[in-house]
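Breakdown of the fold
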Amino acid sequence: MMIKLRKQVIEILKVLKKKKTEQLASTLAKELSIDYIVLMAAINDLIDHDLGGFREEEINQILLNDEGRFYLENGLPENQLLKLMMENDVKEINMEELLTKSKLDQQIFYVGLSNMRKNGWIAQSKASGENMVFLVTEDFQETESEKFIKTFKTSPTRDYSKLSKNELRQFNLLNKRKLFTKEKKTQRYVFLTSKGKTIKMSEVSELKHISKITPEMLSSGTWKNYDIKPFDVTKPGPSLKAGKIHPLIRLINEIREVFISMGFTEIRGPIVESAFFNFDALFQPQDHPARELQDTFYLERPKFAKLPEKDRVLAVKATHENGGDSNSLGWRYQWNEKIAKQTVLRTHTTSTTMRYLAQFYRNKDKVPVKVFCIDRVFRNEKLDKSHLAEFTQIEGIVIDDNVNLSDLIGLLSEFYKKMGFKKIITRPGFFPYTEPSMEVSVYYDKLGEWLEIGGSGIFRPEVTYPWGIKNPTRVLAWGQGLERIAMLYYDRKDIRDLYINPIKWLRQQPY
Ligand code: PHE
């Protein structure tokens, strides 16, 4: 049977057939001018067809260290000293003078000097009172040490076990002078199996890989002549750096889906809002601390907003002053229209909910009604890793006859379940515009913790009566911040990341 191999593998098979003996992979790769990895990939192909193989051998290799390499370039210190004396035609010299002239480090100088003596090149004498160095021969053969060190010019590393007896002696001498490092290395030898050795080249044909079949290949039938490149579907593809939807927008869209799947309709409202809809319509007295400047951004231009229908403004005024027709005593103070006209950046989406109630009244809409709002709100907060001055709120309301707290808890359970939180817990809370009010906490599996996530309640009569929503028709409402949830979803420790957009994090997001 024909064996199909890549062109390059065939070439390597031919080479190995010619060589007959096993080959050191690194040397063979160099000889063939191919990458070591390419060679080993080819050997693997041969292994797949039982034609070849490789074995590993651990060797101790020796190589010159920095100092050794310096001497390879410039000569051993004894040779440097000799060269200095010869070039200057010096037969005898004061040792100190030689040291200065040599510019060698003192310790290296002494090593050089002592080796000159050992080589029989010099003698030293203090007979004259000076420490003198004399050249005692004119015949300077290349030393064994020099010869040995020079062998590293052609191959920077050598196999320790392959050193000759004499080389070993030289190595030990120079190694004492700390000119070498020793390294363990695994070497691979590649070879042909007996099948590889005996197979005829006529039994091998070239594998022609293609990765695509064209319509022409199909109609002409030529696709049969090719080998279709197998794809490894477990390997990750190249990473794409294309544009994608921002994680916050993606989360908002998911939450929209949750509301819409529960039959809610989206409402929007202005960012620049009147204090009337942001506070007054919500039965927040005009001296309420939340209205103070540290929380609310009041605007200079435009300074005042238009109020809705006069009679509705009067109805809201009445709830503040005496409860109006809501059966409440109100806050019992003189309500000031000018304060209600002030413009603010809305501090919550509940202002948009109130605008919706005004429209509901105007349009004489029928219950039940289910609307939601996901939008930007503003509070004068100091920024830190868990606070933003500009963030997003999610809010939903249901207007219907005879709805009560159980309906609200049911609604919240359903909503948070769809958001991925299986368990919720509600506790008494306070908002100026709901009674009763509840804080909502959800159980977050990943942390094994309860997290306080939002507020909810039934709008007070003072809030709904001005808009014709009267007992037993009620408004169930709940609201919360988006970014806290985003931090959980995306596992961000710093809320600011959601707007600063660390590029690494964005790149990790799915498309
Ligand atoms: N508006 C409240 C807030 O900003 C949340 C809320 C909405 C509470 C609706 C009760 C009802 O925190």
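Notes on the structure follow. On a predicted model such as this, the values are computed, not experimentally measured, just so you know.

Concerning a nonpolar patch on the surface
Taken together, the side chains of Ile 213, Leu 218, Trp 223 and Ile 228 make up a nonpolar region of the molecular surface, amounting to roughly 360 Å² of accessible area. You can see Ile 213 is positioned in the loop between β10 (209-210) and α11 (215-220). The class for Ile 213 is partly exposed, based on a relative accessible area of 38%.

Points about the side chain of Arg 250
Mapped onto the elements of the fold, Arg 250 is located in helix α12 (residues 247-261). Setting aside anything within four residues of it in sequence, one finds Arg 250 in contact with Ile 245, Tyr 490, Gln 509 and Pro 510.

A closer look at the sheet that holds strand β3 (residues 52-64)
Each strand in a sheet pairs with its neighbour through backbone hydrogen bonds, running either in the same direction (parallel) or in the opposite one (antiparallel). On the basis of which strands lie adjacent, the open sheet formed by 4 strands has the order β2-β8-β3-β7 and antiparallel pairing. Both outer strands of the open sheet, β2 (23-24) and β7 (157-159), are each paired with one neighbouring strand and no more. As paired strands, β3 and strand β8 (residues 180-192) are joined by 13 bridges and run antiparallel to one another. Across the sheet, Ile 62 pairs through a bridge with Lys 182, a residue of β8.

A few points about the packing of helix α5 (residues 77-87) against helix α7 (residues 106-118)
Packing of α5 against α7 leaves a shortest axis separation of 7 Å and a crossing angle of 80 degrees. Between α5 and α7, the crossing angle belongs to the class labelled roughly perpendicular. Between α5 and α7, the residues in contact are Pro 77, Glu 78, Leu 81, Leu 82 and Met 85 and Ile 108, Phe 109, Gly 112, Leu 113, Asn 115 and Met 116, respectively. Of the residues belonging to the contact of α5 with α7, the class tally is 8 nonpolar, 2 polar and 1 charged.

What counts and how
- Residues numbered from 1 in each chain as written.
- Predicted model: local features only at pLDDT ≥ 70, side-chain atom pairs only at ≥ 80, totals over all residues.
- Heavy atoms only, no water.
- Patch = residues over 30% accessible without salt bridge, like charges linked within 9 Å, V, L, I, M, F, W, Y side chains within 5 Å.
- Areas by Shrake-Rupley, 256 points an atom, 1.4 Å probe, with all protein chains shown as cover.
- Salt bridge = Lys/Arg side-chain N within 4 Å of Asp/Glu carboxyl O.
- Helix = DSSP H or I, 4+ residues; strand = E, 2+ residues; numbered from the N terminus.
- Buried < 20%, exposed > 50% of the residue type's maximum accessible area, 1.4 Å probe, protein only.
- Contact = heavy atoms within 4.5 Å.
- Pairing = 2+ DSSP bridges.
- Axes fitted to C-alpha atoms, helices over the stretch in contact; angles between N-to-C directions.
- Parallel < 35°, antiparallel > 145°, perpendicular 65-115°, else oblique.
- Nonpolar A, V, L, I, M, F, W, Y, C, P; charged D, E, K, R; others polar.

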